[in-house]
Number of protein chains: 4
Amino acid sequence: MTALTTGLLDAPNTATLTISCADQRGIVAAVSQFLHNHGANIIHSDQHSTDPSGGTFFMRMEFYLKDLDVARNQFERAFQEVAAGPFGMAWQLNSASEPKKMALLVSRYDHCFLDLLWRKRRGELNVEIPLVISNHEDLRRDAEMFGLPFHVIPVTQENRAEAEAEQVRLMREAGADFAVLARYMQILSGDFLRGFGRPVINIHHSFLPAFVGANPYRAAFKRGVKLIGATSHYVTEELDAGPIIAQDVVPVTHRETPDTLMRLGRDVERQVLARAVKAHLEDRVLVHGNKTVVF
Amino acid sequence: MTALTTGLLDAPNTATLTISCADQRGIVAAVSQFLHNHGANIIHSDQHSTDPSGGTFFMRMEFYLKDLDVARNQFERAFQEVAAGPFGMAWQLNSASEPKKMALLVSRYDHCFLDLLWRKRRGELNVEIPLVISNHEDLRRDAEMFGLPFHVIPVTQENRAEAEAEQVRLMREAGADFAVLARYMQILSGDFLRGFGRPVINIHHSFLPAFVGANPYRAAFKRGVKLIGATSHYVTEELDAGPIIAQDVVPVTHRETPDTLMRLGRDVERQVLARAVKAHLEDRVLVHGNKTVVF
Amino acid sequence: MTALTTGLLDAPNTATLTISCADQRGIVAAVSQFLHNHGANIIHSDQHSTDPSGGTFFMRMEFYLKDLDVARNQFERAFQEVAAGPFGMAWQLNSASEPKKMALLVSRYDHCFLDLLWRKRRGELNVEIPLVISNHEDLRRDAEMFGLPFHVIPVTQENRAEAEAEQVRLMREAGADFAVLARYMQILSGDFLRGFGRPVINIHHSFLPAFVGANPYRAAFKRGVKLIGATSHYVTEELDAGPIIAQDVVPVTHRETPDTLMRLGRDVERQVLARAVKAHLEDRVLVHGNKTVVF
Amino acid sequence: MTALTTGLLDAPNTATLTISCADQRGIVAAVSQFLHNHGANIIHSDQHSTDPSGGTFFMRMEFYLKDLDVARNQFERAFQEVAAGPFGMAWQLNSASEPKKMALLVSRYDHCFLDLLWRKRRGELNVEIPLVISNHEDLRRDAEMFGLPFHVIPVTQENRAEAEAEQVRLMREAGADFAVLARYMQILSGDFLRGFGRPVINIHHSFLPAFVGANPYRAAFKRGVKLIGATSHYVTEELDAGPIIAQDVVPVTHRETPDTLMRLGRDVERQVLARAVKAHLEDRVLVHGNKTVVF
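The shown structure was predicted, so the numbers you read here are calculated from the model rather than taken from an experiment.

Asker: Can you tell me about the overall build of chain A, naming the residues and giving the values?
Answerer: Along its length, chain A carries eight helices and 13 strands. In terms of overall dimensions, chain A has C-alpha extents of about 60 × 40 × 35 Å along its principal axes. Within chain A, the proportion of its 295 residues that are buried is 60%. Partitioning the intrachain contacts of chain A with sequence separation of at least 6 by distance along the chain shows that 68% fall at a separation of at least 24. Just so you have it, chain A exposes about 10900 Å², and 50% of that area is on carbon and sulfur atoms. Across chain A, the centroid of the 32 positively charged side chains sits 5 Å from that of the 35 negatively charged ones.

Asker: Lay out the UniProt feature "active site" (unreviewed entry) in chain A in plain terms, naming residues and giving numbers.
Answerer: The feature "active site" (unreviewed entry), as given by UniProt, occupies A:Asp240 in the numbering adopted here. With respect to the element layout, A:Asp240 can be found in the loop between strand S10 (227-234) and strand S11 (244-251). Of the residues examined, A:Asp240 reaches a relative accessible area of 8% and is grouped as buried. Not counting residues within four places of it along the chain, the set of residues in contact with A:Asp240 comprises A:Asn202, A:His204, A:Leu208, A:Val212, A:Gly213, A:His233 and C:Arg223. A polar side-chain atom of A:Asp240 sits 2.8 Å from the main-chain amide nitrogen of A:Gly213.

Asker: For the environment of D:Asn135, give the residues involved together with the corresponding values.
Answerer: Residue and element names in this part refer to chain D. Relative to the elements of secondary structure, Asn135 occurs in the loop between strand S6 (127-134) and helix H4 (140-145). Separated by 30 residues in sequence, Asn135 and Leu105 have C-alpha atoms that sit 8.6 Å apart. Within the structure, the side chain of Asn135 is placed 3.1 Å from the side chain of Ser107, a separation counted as a polar contact.

Asker: Tell me what's going on with the relation of the copies chain A and chain B, and back it up with residues and numbers.
Answerer: Superposition of the two copies of the chain requires a rotation about an axis together with a shift along that axis. Superposing chain A onto chain B requires a rotation of 180 degrees together with a translation of 0.1 Å along the rotation axis, leaving an RMSD of 0.1 Å. The relationship between the two copies is best expressed as a two-fold rotation axis. An overlap of 100% is found between the interface residues of chain A and their copies at the interface of chain B, pointing to a shared contact surface.

Asker: Can you break down the interface of chain D and chain C residue by residue, with the values?
Answerer: The interface is formed by 35 residues belonging to chain D together with 36 residues belonging to chain C. Both sides together, the interface formed by chain D and chain C hides about 3500 Å², and carbon and sulfur atoms give 48% of it. Put simply, chain D and chain C have 12 salt bridges between them. Between D:Arg121 and C:Asp110 there is a salt bridge, and its shortest N-O distance comes to 2.7 Å. For the interface between chain D and chain C, the tally reads 16 residue pairs in polar contact (both at pLDDT 80 or more). For the side of chain D that touches chain C, the secondary structure elements donating two or more residues are helix H3 (111-121), H4, strand S11 (244-251) and helix H8 (258-281) of chain D. The residue makeup of the side of chain D that touches chain C, split by class, is 11 nonpolar, eight polar and 16 charged.

Asker: Kindly report on the sheet that holds strand S1 (residues 14-22) of chain C, identifying the contributing residues and their values.
Answerer: All names here are of chain C. Sheet architecture is open: four strands sit in the order S2-S3-S1-S4, paired in antiparallel fashion. In the strand order of this sheet, the two ends are held by strand S2 (41-49) and strand S4 (90-95), each with one partner. Taken pair by pair, the neighbouring strands of this sheet meet at an average axis angle of 10 degrees, ignoring direction. Direction of pairing for S1 relative to S4: antiparallel, over a ladder of six bridges.

Calculation notes
Residues numbered from 1 in each chain as written. Chains lettered and ligands numbered in written order. Predicted model: local features only at pLDDT ≥ 70, side-chain atom pairs only at ≥ 80, totals over all residues. Heavy atoms only, no water. Helix = DSSP H or I, 4+ residues; strand = E, 2+ residues; numbered from the N terminus. Buried < 20%, exposed > 50% of the residue type's maximum accessible area, 1.4 Å probe, protein only. Contact = heavy atoms within 4.5 Å. Areas by Shrake-Rupley, 256 points an atom, 1.4 Å probe, with all protein chains shown as cover. Lys, Arg positive; Asp, Glu negative; His and termini not counted. Charge placed at Lys NZ, Arg CZ, Asp CG, Glu CD. UniProt positions renumbered as here; feature names shortened; annotations may be inferred. Polar contact = N/O pair within 3.5 Å; in protein donor to acceptor, adjacent residues only side chain to side chain. Least-squares fit on C-alpha atoms with pLDDT ≥ 70 in both. Buried area = accessible area lost by both parts, 1.4 Å probe. Salt bridge = Lys/Arg side-chain N within 4 Å of Asp/Glu carboxyl O. Nonpolar A, V, L, I, M, F, W, Y, C, P; charged D, E, K, R; others polar. Pairing = 2+ DSSP bridges. Axes fitted to C-alpha atoms, helices over the stretch in contact; angles between N-to-C directions.

Structure below.
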């Protein structure tokens, strides 16, 4: 079993700064000097270059800054000068005191859904959940038990476009920063992705790229694999082909049927999705083309 | 991550026969012949000898038998003749149609408790839960959400004996076949164990025998280990020393504090306890002195 | 890390009987009665049915029989009567005192090759290695260090058919019971497989069915997976599609390059191949269509 | 299975700078500014504070610097000014072009020994091995096969002090930077440790702190654990109590005997030792009291 990260991001007055730009000398020095000059104490720092001789450079710095909230605007304006200069950085600043807002899309399976709700309740995920959307009534009681607004939008072959438009409208209205498909069993269109315009995280029940598409447990059974897995990735228009955030597997034997594989898979699915969501919440995931850097 | 077993024991008309006796020739032949003569179809069979030249022999056979419920008494009487003869077998027959009754003892932590309830709801555990006992009110709402009777029996230094007596009385009255301490934070006395007289399963938050006793995550932090673990075992009078059913670990780094170790440990604890409970429910665990055979 | 099996098969006077036939009642009873009547003591027994209501039944019994070698012919004749009767069993008897003969095919990579040789030397693999065949000189010194005949048969686009014929001739002449491709970097033809007529085990450097074919580490790098794996399988005419015996994976991050993935992969490859070879040597692997039962 | 790190430290013109000091603001800025001013390109950077409000701060920076070897003395003098100032840093600079010298102490078991030699040959370990010392002749041929000087120093109850003195003399004469006990079955005295005065890495065949001392596999068997493990740590005078560098485990069942546990354990032992040695070689391990920071 792989452990979840254990960030300190729910501590007050901590923030993360994530940066990407063309690799060049002096980036670490410039950013750490800037943070030092503004009184920040760097708690964690991580960096990656896809190619030290001319690739893309990624950095994540987690720091403590007293009264950050008061000074945030000024801090951002000052940093923009560093970023915009010779380095041409794309950057983002996130403060632990303003947790991200996650829209949850579910269907009938409860395991990934309940695991995320429970982790939030336990304080493992620094997140707000402004709404849950489903195409079925099944999980209403669970959502309400956790005090969450639950919207049912049935989806059929015919009403798909309107259903998606309604989903997007609800999510944007609720101010969702990103969406998580917690075993939401529908394929989303490019219109949905563009309309929402923010990251969407999915959990696929196989170790991608093996067993793309529907019924991966049945496919795994037919191939006779000795491991089954789960993959969490950002959703793109191409099915099950977006940037992978986390994967894990569990050993299986000839004794399993498609049904028991599905049961075993649930434990991996919920672990992998929780890891991916936690990493996303803590700004540990930077996308680079069709791949991710996960700090 | 290690997978849970995936038994078929919730299928109707299946049963398990578990046997232990001094190792000798002819046991497998005699038992399988008996099952065949009574029309049973053996689905799984497993055996173990602690020492082929004169140790203890253990066997578990899972079989399908049409109309087993009707014929059960007769079947048992007939098998007693095989068992009592030269082999001197201790044996047990359990039918999937009569799930075991599990008493749950909890305190304030919800993770192991909820995980067991969810698994039961999903059909992963073929079990009845006649009652939940706690020394605190905290988990009442969760228990009631699942429709379970919730008894609060506060425990103090002074009233321990009476509190335990009351716990035993409630559990026996409810017909509990075994009890599970789902992070119940009290040490149980020999009187409790003898009074209940049935198996009690505990989850300890370390890879025993390392870090016996209180505060294992703090001890792990101080020792600087690179793995933390969890151990599920049958409770005996000696603290954390009973027969081990299941163990697992998760890698950790220097970045963890006792608090974050505790968070990470939850995921292992609930997995390991679920595995142990499932194995117990499916009659896969046979105790041999201070050790277990887990088929 | 998944453990290797630890069979007792190198103990004298132990043997395995493996059986497959259409599932029906009474098989276990008949076989265990037979073994009992012939004075055998069953040490391990395992069985599997692909479908209890009419599938294929597989069984493996490991037993101890004093003076088995003397009595073997008689034992086999007698068992043939049990097997040939109503059950129509396909069966095989193997004695620990007659280790299988393994032909090793290698190319330039030494890791899987050396790992098998070391395990044999340490007594972990009960096997004889009558010959090593390579298309390159590179590993001659290692083979000779272990006292193994080393044959170099260069393979080109033009001489493939003759080279394969020569390989088959050498392996059959040496009495090889099976062959292992320990990172032998050539694809074998159907003529080779039919000519040799015995099992051939390969190690593929990905978690099949992901990344079939050449350069799986490069493909894994391009897809940005967070796990790389290895798969050991029996070779069939269809590339990388034969029955899988063992698989494992290792977590990787964005920091890896195709080169470092290759390095990390070596550790998984040699573990997985060793597990598959050990299981094959101990008659734990029964093939069923394009899948395996691994007892 | 946990992966080894895959450092780039064998690339020419790369170096690592490791630092520890009391935690305070501005360290990262000062060091990265210094490296930038000297034309270095930071490839990796990692840091840790035991307590952001006043603990110990650790940092490791891996960087590329053209013509580092030429400029090294000057570079070190200049950095000493940064380090000695307000920060009071302890620091070390290591260049990939000057691999560390490792003394190997072995006894009769070959698995850890061969694994290290093979990894060196494959280019996985950037290390020189000036000598191998053993108390037995058994592994002479293997050492010589890899071209390594092999010294036999028999150790008895009586000659222990002189034997250790001779070991220390040989290691110091050979310029060893550290020593590795690759299943060297003798306990080393404080005199040895002080006499050598450099790090000594051991591999213990249990998941410490469980099963300290002799015969851990027998102790694991008696306790009936479901996991066995291995621990690599720096040696201190207190037996098996030094700072832990790496640990791993492998699942086991009731079927194992002390002998088969020992066999299974070999695979974990060699993996864990290799990980620890590789981390040490790449200056990833910083000792803090009785614990380690492993970057």
